Amino acid sequence: MIKYWKYEYEEHFAQTRDKYILCIHRIPEGRKQSMKYKRVPILKSGTTIINQIHDFEKPTHDANYNHKPVVLLYHGLTLTSEVWISNIEKERNLALQLADQGYDVWMGNARGNKYSHAHLTKDPNHADFWQFSIDEFALFDLPDTIDYILKETGSSSLTYIGFSQGTTQAFAGLSMNSDLNKKVNLFIALAPAATPKGFSHPMFNRFIKSAPSIIYFLLGRKIFLKPVLFWQSILSPPLFVKIIDGAVHFLFGWHCNNITQEQKIVSYQHLFSLTSVKSIVHWFQIIGSGRFQMYDEATSLLPHKPMHNVIDHLPPKFLIKQITTPIAVFYGSDDTLVDYDILKNELPHLAYTKNVHNWEHMDFLWASGLEKIVFPDILMLLKHFNFESGDKDV
């Protein structure tokens, strides 16, 4: 796909400490070889912005590093690195725009998806390969990917941009790993998913509060909804679009009106890749308990209760207020997966917040006007929190 846009790319493989092999795609050079920042006006109409970047110090310049600033992009649930280059208009592909602006762009892939479908000793055809949750994304995939990139580039830090579950693993990973905070100079969260509201349909909200044993019985213990790949391969793209639009409206109440039909036909073909049922169960536990917590291996014998009721145990919570990396949050007012009123009470002091009115979850990947509504803010943030080659610390 990167070749389609006539960009050169590299494919790297990082081994995690628990021996999964993760694929990382890199765009080392843009097509406009200039490090000069091109200032584009921040679009304020139809948005609400809180800008507090000057409350944070600029990073200390590393005199020994004389290369491009590094950016890592990370996809959401059941997605891959393809989402960053699947817009039909070149200027709406964030990875390409960052490369053209002179950044060293890397795109991660979570364990289990089609690019990171390998392990040194475990077979993907066996259930033990799929025994991972959000905990493993945060404890292994994120820090090990970052360490690999920093070793390859020689940089002391990078900027992390995550979408949806890509933000979740960063919130979790940074909250537990103080050393990781020193390696991430800025965390940009697009459509952050840490305190999701759940489904819009009450039947499914009751289902997610079921005991994990019931969910595993219905979904198995390996791959989440693998048959979707089969139907995606045999259905015509327009029909698949109708099915997906109907499904997300039923489950989440989304209308997907900000994404054109032409864009959906292309991007929905990149909407599903493999992940574990255990990671879905983890999401159900978070939604059902109302806590951003680690996977509950010893699930309660009681139904999930509000915090003031009797419970028999509590799994550890991700304490995201402990994060010291500067954070910028972008969310849509119509995104039913993001309960920002709850999330903001869990977050540390934010560098930047932008609420895009009438936007939903997937709009931060594929909406019309993305390059005008979100990208200028991202470029401004990158400029503030990164040193370019040749910059001086003043």
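This section reports on the structure supplied with the text. (Residues numbered from 1 in each chain as written. Predicted model: local features only at pLDDT ≥ 70, side-chain atom pairs only at ≥ 80, totals over all residues. Heavy atoms only, no water.)

## Re the overall build of the chain
Counting its secondary structure elements, the chain contains 14 helices and ten strands. Burial status across the chain gives 57% buried among its 394 residues. For the chain, the proportion of contacts with a sequence separation of at least 24, taken over those separated by at least 6, is 78%. On the chain, roughly 17,400 Å² of surface is accessible, and the fraction owed to carbon and sulfur atoms is 56%. (Helix = DSSP H or I, 4+ residues; strand = E, 2+ residues; numbered from the N terminus. Buried < 20%, exposed > 50% of the residue type's maximum accessible area, 1.4 Å probe, protein only. Contact = heavy atoms within 4.5 Å. Areas by Shrake-Rupley, 256 points an atom, 1.4 Å probe, with all protein chains shown as cover.)

## Thoughts on the environment of Lys183
Within the element layout of this structure, Lys183 appears in helix α4 (residues 178-183). With 27 residues separating them along the chain, Lys183 and Ser156 place their C-alpha atoms 6.3 Å apart. In this view, Lys183 contacts Ile146, Asp147, Leu150, Ser156, Ser157 and Leu158; residues no more than four positions away in its chain are not counted.

## Examining the packing of aromatic side chains
Per the stated rule, a full pass over the model turns up 17 aromatic pairs. Between Phe129 and Trp130, the ring centres sit 4.9 Å apart and the planes meet at 70°, which makes this aromatic pair edge-to-face. For the pair Phe129 and Trp130, a shared accessibility class is recorded, and that class is buried. Ring centres 5.3 Å apart and planes at 70° place the aromatic pair Phe230 and Trp231 in the edge-to-face group. Using a relative accessible area of 46% as the deciding quantity, one classes Phe230 as partly exposed. Residue Trp231 is classed as partly exposed on the basis of its relative accessible area of 45%. Members of the aromatic cluster, connected to one another through ring pairs, are Tyr20, Phe129, Trp130, Phe132 and Phe137. For Arg111, the ring lying beneath its charged end belongs to Tyr20, and the centroid distance is 4.1 Å. Here the basic side chain of Lys278 rests over the ring of Tyr295, its NZ or CZ set 4.7 Å away from the ring centre. (Phe/Tyr/Trp six-rings, centres within 6.5 Å; stacked < 30°, edge-to-face > 60°. Lys NZ or Arg CZ within 6 Å of the ring centre and 35° of its normal.)

## Side note on the pairing of strand β2 (residues 20-27)
Burial runs high along β2: eight of the eight residues are buried. Examined bridge by bridge, strand β1 (residues 10-15) and β2 share six bridges and lie antiparallel to one another. Residue pairing for β2: Glu11 is matched across the bridge by His25. Adjacent in sequence and paired antiparallel, β1 and β2 are bridged by four residues, among which Lys19 carries a positive phi angle near 75°. One ladder, built from two bridges, connects β2 with strand β6 (residues 118-119); its direction is antiparallel. From the neighbouring strand, Tyr20 faces β6, where its bridge partner is His119. (Pairing = 2+ DSSP bridges.)

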